[in-house]
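# Understanding the architecture of this molecule
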Amino acid sequence: MTTPAPIAARRIPDRQRAKYAGKLFGPRFIYVESFVFDTASSLSTAYDGGHWTFYALSNGGFYFSPDSPALFPVSAFNGYEGVLSRDAFGIACCMSAYSLLSFNPDKQLSKNSADQFHRLREFLMSHPEAQQILAVLD
C-alpha cells in the first residue's frame, strides 16, 4: 500500500494571477473574489483590504491569502474566537466563499466552487492550523 503524496501549495506569480483564476472560474471569479473579501471583513476587524497572494495546489485546488498582517484575530458567527496566520485565514475565507457559492443558481459557478471547496479541504487537513480552520467553518 502506498501513501499518497502530500498536497503541495505553489505561489502563483502576480503576472499569472488573472490567467490562472480565469482558467478555474472564468469571468465568474469576480464573484469568488468578492465573497472571499466579504468573508475576511466579517471574520476579522484586523482585515482592511490589501494585496492577496494566490496559491495553486498540486491536487488542482486554489486559494489565496492576504499578504499582511501576519496574524488575524477571528470572531466567527459560530462563536469561534481565536487567532489565525494569514495563510490559515485565507484558507478559511476561501472555503467559506466556496461553500456559499456552491449553492449559486449559476450551475458552472456552483460546480467549480464545490470542486474547489473539496480540493482545498483535502489540503487543509495537513495544515498546521487545520483544527482552528475547521473550527471557524463549523
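Quick caveat: nothing in here was measured; it's all calculated off a predicted structure. (Residues numbered from 1 in each chain as written. Predicted model: local features only at pLDDT ≥ 70, side-chain atom pairs only at ≥ 80, totals over all residues. Heavy atoms only, no water.)

## A look at the sheet that holds strand β1 (residues 9–12)
Think of a sheet as strands paired side by side through backbone hydrogen bonds, with each pair either parallel or antiparallel. A sheet is described by the order of its strands in space; here three strands give the open sequence β1-β2-β3, paired in antiparallel fashion. Taken across any chain shown, the strands that pair with only one partner, and hence form the sheet edges, are β1 and β3 (62–66). Ignoring strand direction, the axes of neighbouring strands in this sheet form an average angle of 35°. Sheet topology places β1 next to strand β2 (residues 52–57); four bridges connect them, and they run antiparallel. Bridged to Arg10 within β2 is Ala56. Where helix α3 (residues 86–101) meets the sheet, its contacts fall on β2 and β3, and the angle it forms with β3 comes to roughly 130°. (Pairing = 2+ DSSP bridges. Helix = DSSP H or I, 4+ residues; strand = E, 2+ residues; numbered from the N terminus. Axes fitted to C-alpha atoms, helices over the stretch in contact; angles between N-to-C directions. Contact = heavy atoms within 4.5 Å.)

## Considerations on the nonpolar core
Note on soluble globular proteins: their nonpolar side chains tend to be buried together. Ranked by internal contacts, the top residues of the largest apolar core, which has 43 residues, are Phe62, Phe89 and Leu120. Breaking this core down by element, the ones donating at least two residues are α1 (17–25), α2 (29–43), β2, β3, β4 (71–75), α3, α4 (107–124) and α5 (130–137). Top contributing element to this core by residue count: α3, with ten residues. (Core = buried A, V, L, I, M, F, W, Y, C linked by side-chain atoms within 4.5 Å. Buried < 20%, exposed > 50% of the residue type's maximum accessible area, 1.4 Å probe, protein only.)

## A look at the pattern of salt bridges
Evaluation of the coordinates by the stated rule reveals four salt bridges. One salt bridge connects Asp14 with Arg17, and the closest N-O pair in it is separated by 4.0 Å. We note a salt bridge from Arg119 to Asp115, for which the minimum N-O separation is 2.9 Å. With Arg119 and Asp115 both in helix α4, this residue pair falls four residues apart, about one helical turn. Overall, the relative accessible area of 31% leaves Asp115 in the partly exposed class. Through salt bridges that share partners, Arg11, Asp14 and Arg17 make up one connected network. (Salt bridge = Lys/Arg side-chain N within 4 Å of Asp/Glu carboxyl O.)

## Considering a nonpolar patch on the surface
There is a patch of nonpolar side chains on the surface, built from Ile30, Tyr31, Phe35 and Leu100 and spanning about 410 Å² of accessible area. Take Leu100: it is sitting in helix α3. (Patch = residues over 30% accessible without salt bridge, like charges linked within 9 Å, V, L, I, M, F, W, Y side chains within 5 Å. Areas by Shrake-Rupley, 256 points an atom, 1.4 Å probe, with all protein chains shown as cover.)

## Quick word on the side chain of Ser65
Take Ser65: it is sitting in strand β3. The class for Ser65 is buried, based on a relative accessible area of 2%. The residues contacting Ser65, other than those within four sequence positions of it, are His51, Trp52, Thr53, Tyr55, Arg86, Asp87 and Gly90.

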